[in-house]
Amino acid sequence: MTQTINLKKGFDINLKGKAISTTKVSTLSRTFAIKPKDFDGIIPKLMVKVGDEVKAGSPLFHSKTNENLKFTSPVSGEVVEILRGPKRVIEEIRILSDSSIKYHSFGKANPADLSEDQVKAKLLESGCWAFVQQRPFSVVADPGDTPKSIFISGFDSSPLGVDYNHLIENEKGNFNAGIEALKKLTSGKVHLNLDASALNSNVFTGAKGVEITNFNGAHPVGNVGVQIHHLDPIKKGDVVWTINPYDVAIIGRLFTE
């Protein structure tokens, strides 16, 4: 039976207006910039130089402390500029994108049939590992660790927060495949936490292999740190990983497509 946790503290800021649950396909930008500083806890080491041709999924840099932890290009095109700041710190890798994106293939696989090491290798090689965050400190997770649990917050309680129910409504197969991959990475549970006051997508309510908990209350009820505190508090020496639901679907798509 799904449990419900009621929070008594918190406060909702009632801003005027509401985000409309519609999506549009944007036009492809000609230039993309990847900023290593967006990935907390990572010291980058370049794997490309100006003039290199890359595909979507080609590695651009890796962590200086772990060369298996790669960060990949979102588009295909030419590396046209590498911007450096003080002490030659890499600030941006700029790519002039192709008009039609070409993709690096990582091959299909059913994560249920793979070992933990095989799942990790696929996530690291594709760059999808960067979606996984580690608590404490909220940095990119260390692939050498085994978390005691993994948390997914299925809602955002902040003012004008994103509606994950809308974002993943057509991603049921990919979401379940992503869950299956995450289950290989922990010896504990994968927690999926939902808004008790909302009508949740059947992608969430029908998710397999997860521990579903409903949360009721005011902001910051949707913050994953609050949810960890109530379900599986972090003690000295503990490691817990977190990931948002849309990134779970992207990981699933890596295995299914």
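It should be noted that the structure appears before, not after, this text.
These lines cover the structure that appears in this document, whether it is placed above or below. As the structure is a computational prediction, the values presented were derived from the model and not from experiment. (Residues numbered from 1 in each chain as written. Predicted model: local features only at pLDDT ≥ 70, side-chain atom pairs only at ≥ 80, totals over all residues. Heavy atoms only, no water.)

**Section: the overall build of the protein**
Scanning the protein from terminus to terminus reveals six helices and 14 strands. The C-alpha radius of gyration computed for the protein amounts to 19 Å, which stays within 12% of the reference 18 Å derived for 257 residues, consistent with globular compactness. Overall, the C-alpha framework of the protein stretches about 55 × 45 × 40 Å when taken along its three principal axes. Classification of the 257 residues of the protein by burial places 42% in the buried group. By sequence separation, contacts in the protein at least 24 residues apart represent 68% of the contacts at least 6 residues apart. Split by element, the accessible area of the protein, about 14100 Å² in all, is 50% carbon and sulfur. One way to put it: in the protein the 31 positive side-chain charges average out to a point 2 Å from where the 28 negative ones average out. (Helix = DSSP H or I, 4+ residues; strand = E, 2+ residues; numbered from the N terminus. Rg over C-alpha atoms; globule rule 2.2 N^0.38 Å. Buried < 20%, exposed > 50% of the residue type's maximum accessible area, 1.4 Å probe, protein only. Contact = heavy atoms within 4.5 Å. Areas by Shrake-Rupley, 256 points an atom, 1.4 Å probe, with all protein chains shown as cover. Lys, Arg positive; Asp, Glu negative; His and termini not counted. Charge placed at Lys NZ, Arg CZ, Asp CG, Glu CD.)

**Details of helix α5 (residues 224–231)**
Turning to α5, its buried residues are V224, Q227 and I228. Mapping the buried residues of α5 onto a view down its axis gives an arc of 100°, with all of them on the same face. On its buried face, α5 is in contact with β9 (133–135), β11 (149–153), β12 (189–195), β13 (211–216) and β14 (240–242). (Arc of directions from axis to C-beta.)

**Some points on the sheet that holds strand β4 (residues 53–54)**
Here four strands make up an open sheet; going across it, the order is β2-β8-β7-β4 and the pairing antiparallel. In the strand order of this sheet, the two ends are held by β2 (31–34) and β4, each with one partner. Judged from the two bridges that link them, β4 and strand β7 (residues 77–84) form a sheet pairing that is antiparallel. Bridge pairing in β7 links V54 to G77. (Pairing = 2+ DSSP bridges.)

**A look at the packing of aromatic side chains**
For the structure on display, the rule yields five aromatic pairs. Relative to F204, the ring of F175 lies with its centre 5.6 Å away and its plane at 70°, an arrangement referred to as edge-to-face. Taken together, the residues span a long stretch of sequence, with F175 in helix α3 (residues 172–183) and F204 in helix α4 (residues 202–205) at a distance of 29 residues. Just as F175 is buried, F204 falls in that class too. An aromatic cluster of three or more residues is present, and its members are F39, F61 and F71. Over the face of the ring belonging to F255 we find K122, whose NZ or CZ atom lies 5.6 Å from the ring centre. (Phe/Tyr/Trp six-rings, centres within 6.5 Å; stacked < 30°, edge-to-face > 60°. Lys NZ or Arg CZ within 6 Å of the ring centre and 35° of its normal.)

**Let's talk about the environment of G252**
Within the secondary structure, G252 sits in helix α6 (residues 245–256). Linking G252 and G173, residues 79 residues apart in sequence, is a C-alpha distance of 7.7 Å. Those residues in contact with G252 that lie beyond four places of it in its chain are N174, A177 and G178.

**Quick look at the packing of helix α1 (residues 116–126) against α6**
For any two helices packed against each other, one specifies the inter-axial angle together with the distance between the axes. At a minimum axis separation of 11 Å, α1 and α6 run at an interaxial angle of 105°. Relative to α6, the element α1 lies roughly perpendicular. From α1, V119, K122, L123 and S126 reach across to α6, where they touch I251, L254 and F255. Across the contact of α1 with α6, the residue classes break down as five nonpolar, one polar and one charged. (Axes fitted to C-alpha atoms, helices over the stretch in contact; angles between N-to-C directions. Parallel < 35°, antiparallel > 145°, perpendicular 65-115°, else oblique. Nonpolar A, V, L, I, M, F, W, Y, C, P; charged D, E, K, R; others polar.)

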